[in-house]
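Topology and contacts: notes
This is what each chain is made of:
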Amino acid sequence: MLKLKLAATAASLVIGLAFGVTAAGAADVPVAIKERGKVIVAIDVSHPPYGMLDSEAKETGSDVETAKLLAEDMGVPLEIVPVSGANRVPSLISRKVDMVIASFSITAERKKVIDYSKPYGVIPVVVSASKDTAIKAPADLAGKSLAVARGTTADIELTRIVKDNGVDANIVRYEDEATTNTAVATGQQNILAAALSTANEVAEQNPALNLEVKLDMAAYPMAVGLRKGDDELKAWVDEWVAKNLENGKLNAIYEKYFHQSLPKTIPEE
């Protein structure tokens, strides 16, 4: 009997190692993912530096590297399903994907319909405009037109500050970040509400616009989006986040694409 128990324990350890689970009592990779032989992740590949296509049309970016690291630790291949900011939640709820890794901020509104892992990063959201545009406070947005990608945290925060401050501003919502950025780059819009990384990239790619950050709207914790009720998967991903924050791998990805370290303490929400 003892030999059988030892054999079973050894077999469990081998399986755990194969799927990146080494700690005592660590959560198992969900059976459905192991049996399927791949993990399916939604990523917005039109939102640099989180997700983008390189010169060979291959997916790259911080979200892509994060998803690749997760799949590697699961011991299964990664399948990427491209999404936009607006259809991240629908793709998850409709079961087209196992999870979302797409600059996915934790918000109270989203938590009503989906679940999140422990946060593994942060996303500041800002308003940027040309240096000669006078914007120092939300009240200065009155009468102005602002471009934002629909369904993003920038959209949520811009809508909030306009409403809370009683500002009559024209919010022009585009379907994804790429279209939003193009509208600003081509002069269709002069003010951009977006993640700080996006605002910086648009400014760098279009120096003639003289864009700079005018307002800091909020800083959101970033996490893996999961379906409510996928408790087994959430347990595994939560442990994976903790492990890879501790060993520095997630910080290395963040530093590579955002040129700064993660905060020592990442807010839960």
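Data block above holds the structure.
For the structure given in this document, a descriptive report is provided here. Since we're looking at a predicted model, the values are computed, not measured. (Residues numbered from 1 in each chain as written. Predicted model: local features only at pLDDT ≥ 70, side-chain atom pairs only at ≥ 80, totals over all residues. Heavy atoms only, no water.)

A few words now on the overall build of the protein chain. Along the backbone of the protein chain there are ten helices and twelve strands. Relative to its 269 residues, the protein chain shows a buried fraction of 49%. Residue pairs at least 24 apart in sequence account for 75% of intrachain contacts in the protein chain once pairs closer than 6 positions are excluded. For the protein chain, the accessible area works out to roughly 13100 Å², and carbon and sulfur atoms hold 54% of it. (Helix = DSSP H or I, 4+ residues; strand = E, 2+ residues; numbered from the N terminus. Buried < 20%, exposed > 50% of the residue type's maximum accessible area, 1.4 Å probe, protein only. Contact = heavy atoms within 4.5 Å. Areas by Shrake-Rupley, 256 points an atom, 1.4 Å probe, with all protein chains shown as cover.)

Further remarks concern the pattern of salt bridges. Side-chain pairing between opposite charges can occur once the charged atoms of the two side chains come close. The full count for this structure, using the stated rule, is eleven salt bridges. Notably, a salt bridge pairs Arg36 with Asp98, separated by 2.7 Å at the nearest N-O pair. Separated by 62 residues along the polypeptide, Arg36 in helix α2 (residues 31-36) and Asp98 in the loop between α4 (88-93) and β5 (99-100) bring together distant segments of the chain. Classification of Asp98 as buried rests on a relative accessible area of 7%. Note that Lys38 and Glu79 form a salt bridge whose closest N and O atoms lie 2.4 Å from each other. (Salt bridge = Lys/Arg side-chain N within 4 Å of Asp/Glu carboxyl O.)

By secondary structure assignment, the location of His47 is in the loop between β1 (39-43) and β2 (52-53). Given the relative accessible area of 5%, His47 is considered buried. Only 3.2 Å separates the side chain of His47 from the side chain of Ser103, close enough to count as a polar contact. When residues no more than four places from it in sequence are discounted, the contact partners of His47 are Ser103, Glu177, Ala195 and Thr198. (Polar contact = N/O pair within 3.5 Å; in protein donor to acceptor, adjacent residues only side chain to side chain.)

Before going further, it helps to spend a moment on helix α6 (residues 153-164). If you check α6, its first and last C-alpha atoms are 16 Å apart, about what twelve residues at 1.5 Å a residue would give, namely 16 Å. Where the residues of α6 are buried, they touch α5 (108-111), β7 (121-130), β8 (145-149), β9 (170-174), β10 (191-195) and β11 (211-222). (Expected span 1.5 Å × (residues − 1).)

To continue, consider the packing of aromatic side chains. Here the structure, examined in full by the defined rule, presents three aromatic pairs. Consider the rings of Phe104 and Tyr116, whose centres lie 5.5 Å apart with planes at 50 degrees: the pair is tilted. Highlighted residues: Phe104 in the loop between β5 and α5 and Tyr116 in strand β6 (residues 115-116), separated in sequence by twelve residues. The buried category is assigned to Phe104, whose relative accessible area is 0%. (Phe/Tyr/Trp six-rings, centres within 6.5 Å; stacked < 30°, edge-to-face > 60°.)

A word on the nonpolar core. Formed by 56 residues in total, the largest nonpolar core has its most connected members in Val39, Met74, Met99, Leu141 and Leu158. Ranked by the residues each element gives to this core, the list is headed by helix α3 (residues 62-74), at six residues. With residues up to four places along the chain from it excluded, the contact list for Leu141 reads Val127, Ile135, Leu146, Leu158, Ile161, Val167, Asp168, Ala169 and Leu215. Membership of the second largest hydrophobic core comes to 13 residues, among which are Ala42, Ala102, Tyr116 and Ala223. (Core = buried A, V, L, I, M, F, W, Y, C linked by side-chain atoms within 4.5 Å.)

Attention shifts here to unusual backbone geometry. Each neighbour pair has its own omega, and for Pro48 with Pro49 the value is -5 degrees, a cis peptide bond. If you check the backbone angles, Ser103 has positive phi at about 40 degrees while not being a glycine. Along the chain, Ser103 falls in the loop between β5 and α5. Judged by relative accessible area, Ser103 falls into the buried class, the value being 8%. Phi at Asn210 takes a positive value of approximately 55 degrees, unusual for a residue other than glycine.

With respect to the helices and strands, Asp155 occurs in helix α6. In contact with Asp155, other than residues within four places in its own chain, are Val148, Ala149, Arg150 and Arg173.

This paragraph deals with helix α8 (residues 196-205). Considered for burial, the residues of α8 that qualify are Ser197, Thr198, Ala199, Glu201 and Val202. Buried residues belonging to α8 abut β7, α7 (177-185), β10, β11 and α10 (249-258).

What follows is about the environment of Ile123. The topology assignment puts Ile123 in strand β7. With 71 residues separating them along the chain, Ile123 and Ala194 place their C-alpha atoms 9.9 Å apart. If sequence neighbours within four positions are ignored, Ile123 has contacts with Tyr50, Ser103, Phe104, Ser105, Ala195, Ala218, Ala219, Tyr220 and Met222.

Attention shifts here to the environment of Ile171. Summarising the element assignment, Ile171 is placed in strand β9. In sequence terms Ile171 and Ser145 are 26 residues apart; their C-alpha atoms lie 5.9 Å from each other. Setting aside chain neighbours within four positions, we find Ile171 in contact with Leu146, Val148, Leu158, Thr159 and Val162.

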